[in-house]
Amino acid sequence: MDVTLFVITSALTLSVPIILAALGGMWSLTVGDLNIGLEGQMLIGAFMAVSVSYATGSTFAGVIAGCVAGILSGLLFGVLIVTFKGDVFIVGITTNILFGALTVMLLGLLFGVKGSFSDPSLEPIARLPLGPIADIPVVGEILGAQSVMFAVMLMLVIASWYVMRFTTLGLRLRVAGEKPEALLTAGIRVPRIRLVVQLVTGLLCGLAGAELAMGSLTLFANDMTAGRGFVALAIVLIVGSRPVLLAVATLGYGILASIGLELAQTGFPPQIPQMLPYLAAIVALVIIGIRRTRHNHQVTSDRELVAR
Amino acid sequence: MTQTSAPPAQREDASPALRRRQDLARRALRSVGHALGPIVLIVAICIIAIVLAGVDPLQAFYAAYNQTVSGVSQFASVLTLSIPLSVAALGVSIAFRAGMFNIGGEGQIGAGAMAAAVVGASISVWGPLDLAVTLLAGTVAGALIAAILAVLRERWGVDEVVTSLLSNYVIVLLLGYLANYVFLDRSQSNPATAVIGPGARFGTLIAGTQLTWSLILVVVLFIAIGYVIRYSKLGADWKILGQSPSVARATGIATSRLSIAAMTVSGALSGAAGAIIVMSTQERYFVGLGVGLGFSAVLVAMIGNYKALPVAIWAVIFSLLSIGGNGVEYSTGMPAEVVQVVLAVVILFIAVRREMLNTLFGRFRALRARFSRGKAG
């Protein structure tokens, strides 16, 4: 029972940043841009969250700084691929390398350390204010360990679902991805929509990074995203434009990852459980691919689906 | 009559030999521009970054110079680093040219290194055979991983960008497990595999340095692959495939088979790069070997425009910059990662160069047009 509780609690904690980043990736994919720079955008958000929290002594300011850094990275990405029509993959790969190296460089320049930075003065993001729910036995314990960002994530998932499903805006965004000419004839400027969506994607990645660094740990480490951005991307490709399903799928990833953590505690070779979530993401992508191929009787790559 | 009235410029144009020469000169000028442009940009941005960080540029330059080109052994270490980097970057180039974004270099290099380390430590028949088999083991390991990803893509449309990125984590963790549990050599202080046999090592080229004759092998490899890319039908088909898959399909190119081939060759070269590291300098696999090299190779391939000669040159420049960067870090505290940052910025600039200049100058031109019209009216 204790172990199950631990697994569920840490599965939620692990999922929150990935769900946030995946929501960003989902909006980007909805307008037809496969943003593989999520990883780097999370990283710069995490770095800014930690360093501004340290400098100001306020975690809230740190989270805001993470968001701003995310938005700026989204602006960079958007201008490069929309305004200047750069290749989305080249720009994505390069921005990941850029932010990976930039954060290491800034860590050295600002804090004089290599590897990781933490300080006792850093306060993690506040826990969820539960009120009466805290007294419910299991639920109270699980939710009590989550940061406020958990609630923010829930609201964003629901908001994304609502916008995607029931609003004209959601419809326009989907059309912008699938049939941009249609919007053009309706007098709507598709490039502007794509650019704004990249800002939103950047913001969500910044939030994800801030939660990753300041959610329960209070630490920035080199490459601390460790492929979470790519996992988010894989989940987006697997579930498509369905925010609620996306959150559920990510939770599945979180459970796998936290089982891995638990197994590593018991003396099991840690590498095997650690690689499980990544392997599961690849397997899921393959299964989706097989099903789609059977259904369409022809091979359509994810990229062709996007670039239609 | 018509001859005398023709302006001299036209008469010059009439001479095919001269025109050809002018054309050649113009093209040469343009390629010099293409080659020097990024270098000038890199130097400029490096200086800006160094000054912004409050480091004395002259001291930084001296430190970089000291580490890289101040002597034979320094330059040998630059070349030693550039050998596996250039091979991996050549692999990335082939895949990217054909439109297959193989970003699994980290995993494929590691797998190649591990395979070479395991085979090299257990084989001891006859020097040259040991060497060939060890190198082959690494090459096959890399090729196999890339081939699987390529088949998944071609058979079921599973995007290779995402799977190759994710495969890095799976493979590097798996290699960590192998090095820590399965092939662990307890005689060493750090978790690592056994040291490879003497036959499986490349001989030293310059005494007292780590530079081995794998350099010669790599030069031959670059000439061969450069020829394939530039002059063979396969190279031409790859290029069409990369530029427009639909055109390739329409012209009857076996797109699926060619894509898988490009990806497999790319993985093979990454694996070979890993094997070369083990067979030249490290002599064993340990956790962390070659980490970062896969992404550096992507940068080098991009800035070298996926062509053999520029990729080779840029691999050397990148090695110069990173070893120089280490020197700068040691003497001034400026983190060596500045090299990757600057290179990434330059690549982003190159990636959008044409459109960016068009947009900026287009706006400028529009402004000027409006201004002069206003004056006229």
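Predicted model, so just to flag it, every value in this text is computed and none were measured.

Some details on the overall build of chain B
Within chain B, the regular secondary structure consists of 16 helices and 0 strands. Taken along the three principal axes of its C-alpha coordinates, chain B extends 90 × 60 × 40 Å. For chain B, with 377 residues in total, the buried portion stands at 47%. Here the analysis covers contacts within chain B between residues at least 6 apart in sequence; of these, 75% occur between residues at least 24 apart. Here chain B displays about 18500 Å² of accessible surface, and carbon together with sulfur accounts for 65% of that area.

What about the overall build of chain A?
The number of helices and strands found in chain A is 13 helices and 2 strands. In terms of overall size, chain A behaves like a compact globule, its C-alpha atoms giving a radius of gyration of 19 Å where 308 residues would be expected to give roughly 19 Å. Taken along the three principal axes of its C-alpha coordinates, chain A extends 55 × 45 × 40 Å. For chain A, the residues scored as buried account for 54% of the 308 residues in total. Contacts spanning at least 24 positions in sequence make up 75% of the contacts within chain A whose residues lie at least 6 apart. Placing the 17 positive and 15 negative side-chain charges of chain A at their respective mean positions leaves the two points 15 Å apart.

Points about the nonpolar core
If you look at the biggest cluster of nonpolar residues, it comprises 197 residues, and the most contacted ones within it are Ile93(A), Leu246(A), Phe96(B) and Leu166(B). Of all the elements, helix 1 (residues 2–30) of chain A adds the most residues to this core, at 13 residues. Those residues within four positions of Phe96(B) in sequence are excluded, and the remaining contacts are Ile90(A), Ile93(A), Phe101(B), Asn102(B), Val298(B), Met302(B) and Tyr306(B).

A few points about the interface of chain A and chain B
If you look at the interface, chain A gives 52 residues, while chain B gives 50 residues. Across the chain A to chain B interface the summed buried area is about 4400 Å²; carbon plus sulfur atoms make up 79%. Taken together, the links from chain A to chain B amount to 2 salt bridges. A salt bridge links Lys114(A) to Glu337(B), with the nearest nitrogen and oxygen atoms 3.4 Å apart. Where chain A packs against chain B, one counts 3 residue pairs in polar contact (both at pLDDT 80 or more). Residues of the side of chain A that touches chain B, tallied by class, amount to 32 nonpolar, 12 polar and 8 charged.

Notes on the packing of helix 11 (residues 243–265) of chain A against helix 12 (residues 271–296) of chain A
All names here are of chain A. Between helix 11 and helix 12, whose axes approach to 7 Å, the crossing angle comes to 165°. Between helix 11 and helix 12, the angle falls in the class roughly antiparallel. For the pair helix 11 and helix 12, the crossing hand works out as right-handed. Across the interface between the two elements, Tyr253, Leu256, Ala257, Gly260 and Leu263 of helix 11 pack against Pro273, Leu276, Pro277 and Ala280 of helix 12. When the residues that make up the contact of helix 11 with helix 12 are grouped by side-chain class, the tally is 8 nonpolar, 1 polar and no charged.

A closer look at helix 4 (residues 57–68) of chain B
All names here are of chain B. Here helix 4 is 12 residues long and its end C-alpha atoms lie 16 Å apart, about the 16 Å a rise of 1.5 Å per residue gives. Those residues of helix 4 not exposed but buried are Ala60, Ala63, Ala64 and Thr68. Buried positions in helix 4, seen along its axis, are confined to an arc of 115° and lie on one side of it. Exposed side of helix 4, more than 90 degrees from the buried face: Leu58 and Tyr62 are the residues found there. On its buried face, helix 4 sits against helix 3 (16–52), helix 5 (72–97) and helix 14 (308–332).

Brief notes about unusual backbone geometry
Residues and elements named next belong to chain A. Not every positive phi belongs to a glycine, and Asp223 is a case in point at roughly 50°. With respect to the helices and strands, Asp223 occurs in the loop between strand 2 (219–221) and helix 10 (228–239). Judged by relative accessible area, Asp223 falls into the partly exposed class, the value being 43%.

Details of the confidence of the model for chain B
All names here are of chain B. In the predicted model, chain B carries a mean pLDDT of 86, and 95% of its residues have values of at least 70. Of all secondary-structure elements in chain B, the lowest mean pLDDT belongs to helix 1 (residues 2–5), at 45, while helix 6 (residues 105–122) reaches the highest, 95. Taken together, the stretch residues 1–12 has pLDDT below 50 and engages in 4 contacts with residues farther than four places along the chain or on a different chain. In the model output, the complex is listed with pTM 0.87 alongside ipTM 0.87.

Concerning the pattern of salt bridges
Residue and element names in this part refer to chain B. Using the criterion set out here, one finds 8 salt bridges over all chains in the structure. One salt bridge in this structure joins Arg153 and Glu160, with 2.7 Å as the shortest N-O distance. With relative accessibility at 13%, the residue Arg153 sits in the buried group.

Parameters at a glance
Residues numbered from 1 in each chain as written. Chains lettered and ligands numbered in written order. Predicted model: local features only at pLDDT ≥ 70, side-chain atom pairs only at ≥ 80, totals over all residues. Heavy atoms only, no water. Helix = DSSP H or I, 4+ residues; strand = E, 2+ residues; numbered from the N terminus. Buried < 20%, exposed > 50% of the residue type's maximum accessible area, 1.4 Å probe, protein only. Contact = heavy atoms within 4.5 Å. Areas by Shrake-Rupley, 256 points an atom, 1.4 Å probe, with all protein chains shown as cover. Rg over C-alpha atoms; globule rule 2.2 N^0.38 Å. Lys, Arg positive; Asp, Glu negative; His and termini not counted. Charge placed at Lys NZ, Arg CZ, Asp CG, Glu CD. Core = buried A, V, L, I, M, F, W, Y, C linked by side-chain atoms within 4.5 Å. Buried area = accessible area lost by both parts, 1.4 Å probe. Salt bridge = Lys/Arg side-chain N within 4 Å of Asp/Glu carboxyl O. Polar contact = N/O pair within 3.5 Å; in protein donor to acceptor, adjacent residues only side chain to side chain. Nonpolar A, V, L, I, M, F, W, Y, C, P; charged D, E, K, R; others polar. Axes fitted to C-alpha atoms, helices over the stretch in contact; angles between N-to-C directions. Parallel < 35°, antiparallel > 145°, perpendicular 65-115°, else oblique. Left-handed = near helix turned anticlockwise from the far one by under 90°. Expected span 1.5 Å × (residues − 1). Arc of directions from axis to C-beta. pLDDT = per-residue confidence, 0-100.

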